[in-house]
Amino acid sequence: MGLLTFSINLTLDGCVDHQEGIADDETHAFFTRLMDENGAMLSGRVTYEMMERYWPTVASGEVDAPAAIREWAVKLEDKPKYVASTTRTTFPWTNSHHLGSDLHAAVQAPKDATPAGVLLGSGKLATELDRLNLIDEYKLVVHPRIAGHGPTLYHAGLSATRRLELLSTKLFSNGAVAMHYRAH
């Protein structure tokens, strides 16, 4: 059974708006390595739709992009992508799969079937999966910015505080810090 790892960019005030992080080569290389280390990707419908509009065009060369961004896009194209959605069931992007309505069972299945692990990249879905105690590890990249707006991480709340064990940190040259935690 593989681990479910939640990874996301956020600002010092917890904003997870994808436009607020620092998108440089070093950050992209970090997330590309993280994707390489995991066997599949998991997201909610909103995150999936945002990604499906952009990344396939980068992978195909329709959109000009730096090498680090294109590398991410090409690897993402081949990676199995699981999508949790109650409002959409068809996902035509390469290697995309809809998860059933029983969220616990639907997410547990790819975890069990993917020894290399599943990488989760959706804040709202992370809240739901944390409520179900399905997240094993967290790899958060905190950017040296205060956004002053949302959406924010875990804004919908959890039923109890999560205790985490710090496994490692990595400082980026842009001032961002990657933190790797394991759930207790």
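Preceding this section is the structure that the text describes.
Throughout what follows, the structure given in this document is the object of discussion. Keep in mind that what you see is a predicted model, and the values were worked out from it rather than measured. (Residues numbered from 1 in each chain as written. Predicted model: local features only at pLDDT ≥ 70, side-chain atom pairs only at ≥ 80, totals over all residues. Heavy atoms only, no water.)

## Some points on the pairing of strand 2 (residues 40–44)
Burial analysis of strand 2 places five of its five residues in the buried class, the great majority of the element. The two faces of strand 2 match: Ala40, Leu42 and Gly44 on one face and Met41 and Ser43 on the other face are all buried. Two strands pair when backbone bridges link them, and strand 2 and strand 5 (residues 118–120) are joined in this way by three bridges, in the parallel orientation. Residue pairing for strand 5: Ala40 is matched across the bridge by Val118. Bridge count for strand 2 against strand 3 (residues 81–84) is four bridges, and the pairing is parallel. Note that in strand 3 the partner of Met41 across the bridge is Lys81. (Buried < 20%, exposed > 50% of the residue type's maximum accessible area, 1.4 Å probe, protein only. Helix = DSSP H or I, 4+ residues; strand = E, 2+ residues; numbered from the N terminus. Pairing = 2+ DSSP bridges.)

## Topic: the layout of surface pockets
In this structure, the second largest pocket spans a volume of roughly 160 Å³. Forming the walls of the second largest pocket are Phe30, Arg33, Leu34, Glu37, Lys139, Ser168, Thr169, Lys170, Ala178, Met179 and His180. Contributing elements (two or more residues each) for the lining of the second largest pocket: helix 1 (25–37), strand 7 (164–171) and strand 8 (177–183). The greatest single-element share of the lining of the second largest pocket, amounting to four residues, is contributed by helix 1. Grouping the constituent residues of the lining of the second largest pocket by class yields four nonpolar, three polar and four charged. (1 Å grid on protein atoms, 1.4 Å probe; cavity = no way out; pocket = protein on both sides within 12 Å on 5 of 7 lines; lining within 4 Å. Points joined across faces, edges and corners; volume = space filled by probe spheres on them. Nonpolar A, V, L, I, M, F, W, Y, C, P; charged D, E, K, R; others polar.)

## Remarks on helix 4 (residues 103–113)
Inspection of helix 4 places Ala106, Val107, Gln108, Pro110 and Lys111 among the buried residues, and these make up the whole buried set. On its buried side, helix 4 packs onto strand 1 (4–11), strand 2, strand 3, strand 4 (96–99), strand 5 and helix 5 (123–131). (Contact = heavy atoms within 4.5 Å.)

## A short note on the packing of helix 1 against helix 3 (residues 67–78)
It is at 9 Å that the axes of helix 1 and helix 3 come closest, and there the two elements cross at 20°. Relative to helix 3, the element helix 1 is oriented roughly parallel. Seen from above, helix 1 lies across helix 3 with left-handed handedness. Here helix 1 contributes Asp25, His28, Phe31, Thr32, Met35 and Asp36 to the contact with helix 3, which in turn contributes Ala68, Ile69, Glu71, Trp72, Lys75 and Leu76. Classifying every residue of the contact of helix 1 with helix 3 gives six nonpolar, two polar and four charged. (Axes fitted to C-alpha atoms, helices over the stretch in contact; angles between N-to-C directions. Parallel < 35°, antiparallel > 145°, perpendicular 65-115°, else oblique. Left-handed = near helix turned anticlockwise from the far one by under 90°.)

## Side note on the pattern of salt bridges
Tallied over the full model, the rule gives ten salt bridges. Taking the shortest distance from any N to any O, the salt bridge between Lys139 and Glu37 comes out at 3.7 Å. With Lys139 in strand 6 (residues 137–143) and Glu37 in helix 1, the pair connects residues that are 102 residues apart, well separated along the chain. On the accessibility criterion, Lys139 (15% relative accessible area) is buried. With a relative accessible area of 49%, Glu37 lands in the partly exposed category. Residue Glu165 pairs with Arg182 through a salt bridge whose shortest N-O separation is 3.6 Å. On the criterion of sequence distance, the pair formed by Glu165 in strand 7 and Arg182 in strand 8 is long-range, its members being 17 residues apart. The exposure class assigned to Glu165 is partly exposed, which follows from its relative accessible area of 33%. Its relative accessible area of 36% is what places Arg182 among the partly exposed residues. (Salt bridge = Lys/Arg side-chain N within 4 Å of Asp/Glu carboxyl O.)

Coordinates in, geometry out; function isn't part of it.
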